[in-house]
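Commentary on secondary and tertiary structure
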Amino acid sequence: MNRARLSDPLPAVSDRLRERLAARLAERGIDPATAPVLPNSPEPIPALEAAQKRIPYAYRDAAPQHPQVAAWVRTIAETAVAPAAEDLNAAWGRPGRRRIAHGPSLLLWGGTGIGKTHEAYGAVRALTAAGCGVEWHATTAADLYAEMRYRSGVDPEHMLRRIMRVPLLLLDDLGAAKTSEWTEEITFRLVNWRCQNRLPTIFTTNLPPVRAHHMEKHLPVLRDKVGDRVLSRLSGMCTPVEFTGTDRRFQRA
Ligand SMILES: Nc1ncnc2c1ncn2[C@@H]1O[C@H](COP(=O)(O)OP(=O)(O)O)[C@@H](O)[C@H]1O
Ligand SMILES: [Mg+2]
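Quick summary incoming for the structure in this document. The structure displayed is predicted, hence computed values, not measured ones. (Residues numbered from 1 in each chain as written. Chains lettered and ligands numbered in written order. Predicted model: local features only at pLDDT ≥ 70, side-chain atom pairs only at ≥ 80, totals over all residues. Heavy atoms only, no water.)

Things to note about the side chain of T128
Test applied: Helix numbers and strand numbers start at the N terminus; a helix is a DSSP run of H or I with at least 4 residues, a strand a run of E with at least 2. Each polar contact in these results corresponds to two N or O atoms within 3.5 Å; when the atoms are within protein, one needs to be able to donate a hydrogen and the other to accept it, and residues that are neighboring in sequence are counted only if both atoms are side-chain atoms.
Relative to the assigned elements, T128 resides in helix α5 (residues 116-129). Reaching out from T128, the side chain makes a polar contact with the backbone oxygen of V124 at a distance of 2.6 Å.

Structure representation (structure tokens):
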């Protein structure tokens, strides 16, 4: 009898999804390496128009350019589900619009000013244009901690839970803010929830995830900033994508 054993290697879900996607694209004669991620449509796309207002001015024309980010966008768009396909009560979802479901996450890392945030908003725009009813939230880690501090009229717990559960989250500049036990706990709860529920998240960071042999001892890495528990979850859920190049902001100046 042909029985699978626990020790047998299983392909990662994302690999299987990628294969399915590649097969579908091949059926339609589309080469995923060259197909544009944002459709070249002369018609305005209402969802994209609405999303534009929430995107910082510098990133309003962004489109994913890195092949790994473009591949991720396709995986997430392909696995987005129609609300009625999942829910017993179809009225809970807007019929006809797909919703982002579960899927892998991205960790965009590299020096300052080389286009990580640009790429991340490019991915958000592409998913919106692909017709996914994208409920998304974008924040830097520093803004998140600042917003979470107690103020009258704001329930930080409610806020964290809302951000934890949002279908698509961009958490920008992880590891850049000053840390404390409290910020570590917030980061841990957020990352842990999203890891356990496989909720697509784009993380960006200026720091290399872990220390490489050739790195100087005094240079910080993400692991030092967020701790082992968070780093372990990040490595389980994310495709790391390294960005290299020079600071575009300096170039422009
Ligand atoms: N591919 C790109 N095309 C045009 N402008 C870009 C591109 N990538 C980055 N930029 C611009 O360069 C600046 C720095 O990019 P940003 O994504 O903010 O860097 P990082 O997040 O890596 O620090 C921004 O003003 C952004 O709009
Ligand atoms: Mg940035």
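Past the structure itself, the notes keep going.
Here we look at the sheet that holds strand β2 (residues 136-140)
Two strands in a sheet stick together by hydrogen bonds in their backbones, pointing the same way (parallel) or opposite ways (antiparallel). Our working definition: When DSSP locates at least two bridges between a pair of strands, those strands are taken to pair. Each axis is a line fitted through C-alpha atoms, taken for helices only over the stretch in contact, and angles between the N-to-C directions span 0 to 180 degrees.
Strands sit in the order β2-β3-β4-β1-β5 across an open sheet of five strands; the sheet is parallel. Each edge of the open sheet carries a strand with a single partner, namely β2 and β5 (238-243). Strand-to-strand twist across the sheet, computed as the mean angle between neighbouring axes with direction ignored, equals 15 degrees. Relative to strand β3 (residues 168-172), β2 is paired through five bridges, and the arrangement is parallel. From the neighbouring strand, H137 faces β3, where its bridge partner is L169.

Quick notes on the nonpolar core
In plain terms, the rule: By nonpolar core is meant a set of buried Ala, Val, Leu, Ile, Met, Phe, Trp, Tyr and Cys residues that side-chain atoms within 4.5 Å join together. Only protein chains enter the accessibility calculation, which uses a 1.4 Å probe. A residue is then buried if its area is under 20% of the maximum for its type, exposed if over 50%, and partly exposed in between. Here a residue-residue contact requires only that any non-hydrogen atoms of the pair lie within 4.5 Å.
Core analysis: the biggest nonpolar cluster contains 27 residues, and L144, L174, L190, F203, L222 and L234 have the highest contact counts within it. Mapped onto this core, the elements with two or more residues apiece are α6 (141-148), α7 (156-165), β3, α8 (181-196) and α9 (222-237). Element by element, the count of residues in this core is highest for α9, at six residues. Setting aside chain neighbours within four positions, we find L234 in contact with L174, V191, F203 and L222. Counting residues in hydrophobic clusters, the runner-up holds 24 residues, among them I55, W72, V124 and W136.

Observations regarding the site of ligand 1
Note the cut-off: Note on definitions. A residue lies near a molecule or strand when any single heavy atom of the residue is within 4 Å of it. We get accessible surface area from the Shrake-Rupley algorithm with a probe of 1.4 Å; when it comes to residues, only the shown protein chains can shield them. Any residue that is not Ala, Val, Leu, Ile, Met, Phe, Trp, Tyr, Cys, Pro, Asp, Glu, Lys or Arg is counted as polar, Gly included; the first ten are nonpolar and the last four charged.
Close to ligand 1 lie 14 residues, the nearest being Y59, G113, K116, T117 and H118. Between ligand 1 and the protein, one listed contact pairs an oxygen atom with a side-chain N or O atom of Y59 at 2.6 Å. In isolation ligand 1 has 560 Å² of accessible area, and contact with the protein removes 84% of it. Put simply, the parts of the chain that give the shell around ligand 1 at least two residues each are α5 and α10 (248-252). Split by residue class, the shell around ligand 1 holds three nonpolar, seven polar and four charged.

What about the layout of surface pockets?
The test is simple: Buriedness of a pocket was judged along seven lines, with at least five required to meet protein on both sides within 12 Å; pockets are open sets of points on a 1 Å grid over the protein atoms alone, cavities are sets where a 1.4 Å probe fits but cannot get out, and lining residues have an atom within 4 Å of a point. Grid points are joined across faces, edges and corners, and a volume is the space filled by probe spheres set on the points.
Of the voids in this model, the largest pocket is the one considered here, and its volume is about 550 Å³. Around the largest pocket sit 21 residues that line it, and G113, I114, G115, H118 and R248 are the ones nearest its centre. Those elements that provide at least two residues to the lining of the largest pocket are α5 and α10. In terms of residue count, α5 provides more of the lining of the largest pocket than any other element does, four residues in total. When grouped by side-chain class, the residues that make up the lining of the largest pocket number four nonpolar, 11 polar and six charged.

Structural notes on the pattern of salt bridges
Counted only if it meets this: Within this document, salt bridges are pairs made up of a side-chain nitrogen of Lys or Arg and a carboxyl oxygen of Asp or Glu, the two lying within 4 Å of each other.
One pass over the structure, following the stated rule, counts five salt bridges. A salt bridge links R161 to E157; its shortest N-O distance comes to 3.3 Å. Residue R161 and its partner E157 are both found in helix α7; the two are separated by four residues, about one turn of the helix. The partly exposed category is assigned to E157, whose relative accessible area is 31%. Across the pair D228 and R223 runs a salt bridge whose closest N-O atoms are separated by 2.8 Å. Several salt bridges converge on common partners, so that one network encompasses E157, R161 and R189.

Examining α7
Selection criterion: Picture the helix axis, draw a direction to every C-beta atom, and the arc is the one those directions span.
Turning to α7, its buried residues are P156, M159, L160, I163 and M164. Looking straight down α7, one finds that the buried residues subtend no more than 135 degrees of arc, so they occupy a single side. Buried residues along α7 sit in contact with β2, α6, β3 and α8. N-cap assignment for α7: the residue whose side-chain oxygen lies 3.1 Å from the backbone N of E157 is D155.

Observations regarding the packing of α8 against α9
For any two helices packed against each other, the geometry comes down to the angle between their axes and how far apart the axes lie. Applied cut-off: Should an angle fall under 35 degrees it is taken as roughly parallel, and over 145 as roughly antiparallel, whereas 65 to 115 is taken as roughly perpendicular and any remaining angle as oblique. The handedness criterion is simple: a crossing whose near helix is rotated anticlockwise from the far helix by less than a right angle is left-handed, and one whose near helix is rotated clockwise is right-handed.
Close contact between α8 and α9 brings their axes to 10 Å; oriented N to C, the two are set at 15 degrees. Put simply, α8 runs roughly parallel to α9. Note on packing geometry: the crossing formed by α8 with α9 is left-handed. For the pair α8 and α9, contact is made by E184, E185, T187, F188, V191, N192, R194 and C195 and by K225, V226, R229, V230, R233, L234 and M237, respectively. Partitioning the contact of α8 with α9 into residue classes produces seven nonpolar, two polar and six charged.

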